[in-house]
Amino acid sequence: MLTALLLAAQLLLAAPPQQAAVQKIEVPMLHPRVREWAYPINDVKVKSNEVCLLWPGTPGKDIIYKIQLSADESFQKNLLLGDEQEWAVFPVHQNLAEGKWFWKYAYKTKDSKEWNWSAVNSFLIVKAEKSKSSPSAKQMLANLKDQKHPRLWSLNQNAETFSANNKNNPEAKAFVASMRKQLGRPLPEEKPTRPRDTTGMNELQKKQMVEFMYHGFGNKVANPIKDLCIAFYLTKDKSFISEAIRQGLHVARMDPEGYASRDDFNNGNIIEGLATLYDLGYDYLTQEEKELLKKSIFIRGNQIYKHLPNRFELQMCDNHVWQHILRNFSIAALAVANDIPEANKWLSYVYEVWNARFPVLASTDGGWHEGNGYFRVHYKTLIYLPLLFGDLSGRNYFEEDWMQNLAYYILYSYPPKSTSVSQGDMHENLSDIVRNHGLFADALSTKINNPYLVWYAKEIRTLYPDFFRANDDFLLFRLLNYKGEKVELASKEPTDLPKSRDFRDIGLVAMHSNLNDVSKNVNVFLTSNPYGVAGHAHAAQNALTVNYKGKKVYGGTGFYSNFSDAHNLLDYRSSRGHCTVLADSLSQRLGEDGYGWIPRFITGNRIQYALGDASSAYGNLTTSFWLDRFAQIKIKADRKSGYGDAGVKKFRRHVLQLDSNYVVVYDELESVAPIKWTSQMHSPYLMQEVKTNLVNAKVFELKSDFVQSNATVFSSSNTALAVHNKYNYPAKNWKGKTDDEGNIIQFSNQWHAGVTSASQSKQRFLTILQIQDKVLKPVKNVGVTKGLQKLQIGEWTISANLNINETPGLYIVSSDQKAVFSYGNKEMNVAGKPVKIDNSESSVLVENGHKQEVSDILPAVVHQDIGK
């Protein structure tokens with residue numbers, strides 16, 4: 001399987017882009033869970049200052065690697081020889097000259113003398129960059145050798161400035177006042193932070209509950225230590241550092257193997273707290289106290305490091321490490337480098353991996369493939385590690401393409417006073433802007449020169465002033481960047497931005513009718529994820545989310561009760577829980593091989609358009625990670641539980657937003673044998689069937705106090721409609737999970753509608769959604785001729801080919817004929833004038849005489865434009 005995958009992937013990646021309007025991807029996955037091929041290869045073009053060599057790891061203990069890089073294939077010219085290392089990444093850390101470069105890697109065990117060399121790979125530098133390159137890990141350590149404590153946050157150089165700048169800062173004064181309450185407090189006990197009753201639980205649930213009960217213990221005991229250290233540097237009041245030492249030494253004596261701190265999150269937070277005390281309190285610690293701290297830091301740090309090299313850097317994403325532990329461990333490694341000899345290797349490792357892999361779950365478009373529910377768990381790392389490594393390297397990581405585009409991802413995927421995309425774990429917790437998101441956006445706006453993000457941050461401060469009235473994860477960042485007075489950054493409302501934006505690296509298109517005024521906004525998301533269902537992502541390829549006035553109308557359903565309990569796997573994470581299509585009542589598969597992608601996108605004034613392709617998303621669940629999760633709860637991933645191979649060959653979904661109130665969805669579906677297809681919609685609000693006289697159509701409506709909506713679903717075959725409010729597996733908050741404010745979350749039933757076709761090997765659906773606060777307009781059937789369904793709603797006429805024996809086609813025109821969309825047609829007529837179509841399989845939008853024609857564009861990973 002691995003050899004076949006490697007061969008198929010490399011053949012595809014090496015091939016030039018096809019010229020056909022419709023393109024296919026026929027490899028098992030685009031982003032494997034563990035790296036399976038080297039990068040950069042096949043003469044891919046790379047920026048001269050961003051060359052990072054990545055390769056598949058070699059299993060086994062005591063594996064070491066080295067690389068050779070040269071400007072000629074014989075490895076004689078401009079030869080760069082890498083040192084022996086334990087990890088399978090190599091950032092080059094220098095600007096390479098224009099031209100073709102060659103590289104190879106080798107591995108061996110530490111006790112072996114013979115190196116095993118790879119084939120020679122090549123890449124192209126088209127233009128040499130003039131920007132300063134970051135230092136190598138060896139240079140970085142050499143620069144650090146003579147630096148005195150405190151090293152963190154450059155306080156060895158800026159301590160006086162830090163204190164002076166914040167002398168009259170109201171936020172600093174409030175923080176210091178809160179820290180005085182810490183003085184002399186009782187020392188913490190090693191006990192659960194959120195006790196729960198485990199009566200009646202099975203062994204797996206009890207194990208998970210114990211972890212849940214101690215979750216947050218590391219933060220509880222480490223945060224006061226760090227905060228007291230900062231209070232000391234703000235005030236020079238030694239009572240703060242004395243209290244930090246008292247609490248820190250107590251925590252240092254805790255058992256690293258005890259329930260309270262052995263968990264990876266808790267251990268990571270504790271090592272960061274102890275290392276911060278060691279660094280910032282260095283001049284106030286006795287030698288004996290330093291030795292106690294170093295001993296605890298070494299034990300805890302070694303527990304982390306031994307699980308990283310030749311594993312972590314090869315993973316698509318080890319979530320817990322990227323979320324928290326990498327930040328904790330990097331801060332600790334810098335704080336004790338040279339003082340603990342092993343910490344130099346720790347620091348070299350995290351520095352190299354950061355430079356080679358950041359950002360881990362995207363490439364350049366600013367998105368995050370797991371959705372915003374879990375993206376926010378990474379926020380703290382995405383602010384502090386660019387600062388930390390920026391101080392070490394002199395490189396401004398906030399200027400990276402991904403960081404710059406992140407401003408737009410935040411704006412389009414999570415507008416102010418609005419909910420977000422209903423995809424990914426914990427998506428249901430984002431019914432409004434949550435505090436850590438607002439704080440993150442505010443912090444980011446000071447580092448990224450983007451007036452729209454500054455506007456966004458100002459909106460957050462205006463709408464949610466309480467977010468900024470207490471200690472929080474980003475307070476230190478704000479204090480470090482406070483310059484003694486408020487700096488007014490350029491701000492601009494997003495009125496001149498396009499109504500839609502695509503984030504194809506992560507498979508998301510965001511459409512808006514009014515981006516800067518949520519009270520008037522209809523917001524449509526289409527997701528089709530090239531990363532598949534990895535980590536906290538869901539089987540939501542070609543899935544819709546529709547929000548109105550900042551609230552979800554249609555979208556993902558269910559609750560994040562646990563990462564992989566029965567409700568999660570059989571409903572919430574599966575396609576059953578999303579506004580997509582079931583194939584023979586079966587979900588898309590979980591795993592990296594259950595992927596989708598966005599081939600087309602157009603943004604206009606009155607019409608927004610996107611095409612998603614989920615043809616590769618279906619099939620048997622084969623990923624060992626997810627099979628193990630099913631085995632743990634004693635359920636098989638078979639047809640009975642909603643998984644299996646229905647023989648899907650094709651699922652292409654065209655989504656259009658018309659003006660402010662209409663959404664059109666046109667689905668093309670094919671399978672190897674006749675099956676039933678179910679087009680699903682879900683909502684937190686009551687849905688019910690409405691009788692209709694329309695031919696081959698089913699209608700259901702939704703009403704709430706803020707919205708009226710209905711869906712009219714036409715089909716190429718006879719259909720049945722089912723509307724109900726039951727989950728496939730009940731949602732139960734058996735852990736007693738709480739929201740951001742500490743309130744127990746009520747796991748309520750929600751509403752589900754499914755339109756199921758007759759058994760067909762080819763099927764088409766046409767869905768027309770209305771979303772508004774006024775009386776709904778009727779859908780009028782203008783006529784049906786040979787499967788061509790012609791309809792009228794409001795100011796729009798919609799023609800769709802539902803005849804499965806004919807070429808698919810869609811044609812939409814406004815009543816004034818100033819806005820026209822065409823797909824699958826050979827010609828267009830706009831206001832009585834013919835418009836040339838270059839390819840009959842392309843998608844074309846003409847508005848006010850301006851034509852946009854698009855064909856399929858393969859994901860960047862297929863072209864090998866990315867490697868991280």
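Below: a short report on this structure. (Residues numbered from 1 in each chain as written. Predicted model: local features only at pLDDT ≥ 70, side-chain atom pairs only at ≥ 80, totals over all residues. Heavy atoms only, no water.)

1. Notes on the overall build of the protein chain
In terms of regular secondary structure, the protein chain is built from 20 helices and 34 strands. In summary, the protein chain has a C-alpha radius of gyration of 28 Å against a globular reference of 29 Å for 868 residues, a match within 12%. Counting only C-alpha atoms, the protein chain reaches 90 × 65 × 55 Å along its principal axes. Within the protein chain, buried positions represent 60% of all 868 residues. The contacts in the protein chain between residues at least 6 apart in sequence include a share of 69% that link residues at least 24 apart. (Helix = DSSP H or I, 4+ residues; strand = E, 2+ residues; numbered from the N terminus. Rg over C-alpha atoms; globule rule 2.2 N^0.38 Å. Buried < 20%, exposed > 50% of the residue type's maximum accessible area, 1.4 Å probe, protein only. Contact = heavy atoms within 4.5 Å.)

2. Brief notes about the packing of helix α7 (residues 238-252) against helix α9 (residues 287-305)
α9 packs onto α7 with a crossing angle of 45° between their chain directions and a minimal axis gap of 9 Å. If you check the angle between α7 and α9, you find them oblique. Both α7 and α9 take part in a crossing whose hand is left-handed. Facing α7, whose interface residues are I245, G248, L249 and A252, α9 presents E289, L292, L293 and S296. Residue classes in the contact of α7 with α9 are distributed as five nonpolar, two polar and one charged. (Axes fitted to C-alpha atoms, helices over the stretch in contact; angles between N-to-C directions. Parallel < 35°, antiparallel > 145°, perpendicular 65-115°, else oblique. Left-handed = near helix turned anticlockwise from the far one by under 90°. Nonpolar A, V, L, I, M, F, W, Y, C, P; charged D, E, K, R; others polar.)

3. Thoughts on the packing of helix α10 (residues 319-336) against helix α11 (residues 341-357)
For any two helices packed against each other, one specifies the inter-axial angle together with the distance between the axes. Interaxial distance between α10 and α11 falls to 8 Å at its minimum, and their mutual angle equals 135°. Here α10 lies oblique to α11, going by the angle between them. For α10 against α11, the interelement crossing comes out left-handed. Contact residues: α10 offers W322, L326, F329, S330, A333, L334 and V336, while α11 offers A343, W346, L347, V350, V353, W354 and R357. Class assignment of the residues belonging to the contact of α10 with α11 gives a composition of twelve nonpolar, one polar and one charged.

4. Side note on the side chain of T580
Residue position: T580 is located in the loop between α18 (566-572) and β14 (581-583). Overall, the relative accessible area of 0% leaves T580 in the buried class.

5. Focus: the sheet that holds strand β26 (residues 780-785)
Overall, antiparallel pairing links the seven strands, which are arranged β26-β27-β28-β29-β30-β33-β34 in an open sheet. Among the strands making up the open sheet, the edge pair consists of β26 and β34 (850-854). The average undirected angle you get between the axes of adjacent strands in this sheet is 10°. Where strand β30 (residues 819-823) lies against strand β33 (residues 843-847), five bridges are found, and the strand directions are antiparallel. In the sheet register, Y823 faces β33, and the bridge partner there is S843. (Pairing = 2+ DSSP bridges.)

6. Observations regarding the nonpolar core
If you look at the biggest cluster of nonpolar residues, it comprises 159 residues, and the most contacted ones within it are W55, F123, W153, I297, L347, L444 and Y456. The biggest single contributor to this core is α10, with eleven residues. When sequence neighbours within four positions are dropped, the list of residues in contact with L347 reads M140, L141, L144, S330, A333, L334, A337 and L392. Core analysis: the second largest hydrophobic core is formed by 43 residues, V546, Y548, V665 and L769 among them. (Core = buried A, V, L, I, M, F, W, Y, C linked by side-chain atoms within 4.5 Å.)

7. Some remarks on the pattern of salt bridges
Side-chain pairing between opposite charges can occur once the charged atoms of the two side chains come close. In the structure shown here, the tally under the stated rule is 40 salt bridges. Here K417 and D432 are joined by a salt bridge, their closest N and O atoms 3.7 Å apart. Of this pair, K417 sits in the loop between α14 (401-413) and α15 (435-445) while D432 is found in the loop between α14 and α15, placing the two residues 15 residues apart along the sequence. Given a relative accessible area of 39%, K417 falls into the partly exposed group. Its salt-bridge partner being E853, residue K851 comes within 3.2 Å of it at the nearest N-O pair. (Salt bridge = Lys/Arg side-chain N within 4 Å of Asp/Glu carboxyl O.)

8. Regarding the packing of aromatic side chains
Counted according to the given criterion, the structure contains 41 aromatic pairs. Aromatic pair F375 and F440: ring centres 6.4 Å apart, planes at 75°, arrangement edge-to-face. Of the two residues, F375 sits in helix α12 (residues 372-375) while F440 sits in helix α15, which places them 65 residues apart along the sequence. The pair F375 / F440 is uniform in exposure class, with both members buried. Here the aromatic rings of Y379 and F440 are separated by 3.9 Å at their centres, their planes lie at 5°, and the arrangement is stacked. Linking Y379 in helix α13 (residues 379-393) with F440 in helix α15, this pair joins segments that are 61 residues apart in sequence. K104 extends its terminal NZ or CZ atom over the ring of F75, reaching a point 4.6 Å from the ring centre. Looking at K290, its charged tip hangs above the ring of Y282, at a distance of 3.6 Å from the centre. (Phe/Tyr/Trp six-rings, centres within 6.5 Å; stacked < 30°, edge-to-face > 60°. Lys NZ or Arg CZ within 6 Å of the ring centre and 35° of its normal.)

9. Quick notes on unusual backbone geometry
With an omega of 0°, the peptide bond between Y39 and P40 qualifies as cis. Of note, P40 is situated in the loop between α1 (2-14) and β1 (44-45). A cis amide bond links F358 with the next residue in sequence, P359, at an omega value of -5°. Inspection of the secondary structure assignment puts P359 in the loop between α11 and α12. The backbone phi angle of F75 is positive, close to 60°, even though this residue is not glycine. Structurally, F75 is set in the loop between β3 (63-70) and β4 (80-81). Accessibility expressed as a relative area gives 7% for F75, which makes it buried. Positive phi outside glycine occurs at N542, with the angle close to 60°. Within the secondary structure, N542 is located in the loop between β11 (522-527) and β12 (543-548).

10. Points about the environment of V779
Within the secondary structure layout, V779 lies in the loop between β25 (760-772) and β26. Exposure remark for V779: the relative accessible area of 13% places this residue in the buried category. Residues V779 and Q789 lie ten residues apart in sequence; the distance between their C-alpha atoms is 12 Å. In this structure V779 touches L694, T712, F714, I768, L791, Q792 and I793, once residues within four positions along its chain are discounted.

11. Some points on the pairing of β12
Within β12, six of the six residues are buried, which leaves the element mostly enclosed by the surrounding structure. As defined by bridge partners, β11 adjoins β12 across six bridges and the pair is classed as antiparallel. Counterpart to V524 in the pairing with β12 is V546. As paired elements, β12 and strand β13 (residues 551-554) share three bridges and run antiparallel to each other. Bridge assignment links V546 to a residue of β13, and that residue is Y554.

12. Thoughts on the pairing of β3
When you tally the buried positions in β3, you get seven out of eight residues, the bulk of the element. Both β3 and strand β6 (residues 99-109) contribute to a ladder of eight bridges, which runs antiparallel. Considered in β6, the bridge of I63 is made with T109. Bridge count between β3 and β4: two bridges; the pairing is antiparallel.

13. A few points about the sheet that holds strand β22 (residues 708-715)
Pairing is antiparallel across the open sheet formed by eight strands, whose spatial order is β15-β16-β17-β18-β25-β22-β21-β20. One side of each edge strand has no neighbouring strand; the edge strands of this open sheet are β15 (597-603) and β20 (687-690). Ignoring strand direction, the axes of neighbouring strands in this sheet form an average angle of 15°. Across seven bridges, strand β21 (residues 697-703) lies against β22 in antiparallel orientation. Along β22, the bridge assignment pairs K698 with V713.

14. Re the side chain of S715
Considering the arrangement of structural elements, one finds S715 in strand β22. One polar contact links S715 to Q763, side chain to side chain, over a distance of 2.7 Å. Ignoring anything within four residues of it in the chain, the contact list for S715 reads N696, Q763, R764, F765 and L802. (Polar contact = N/O pair within 3.5 Å; in protein donor to acceptor, adjacent residues only side chain to side chain.)

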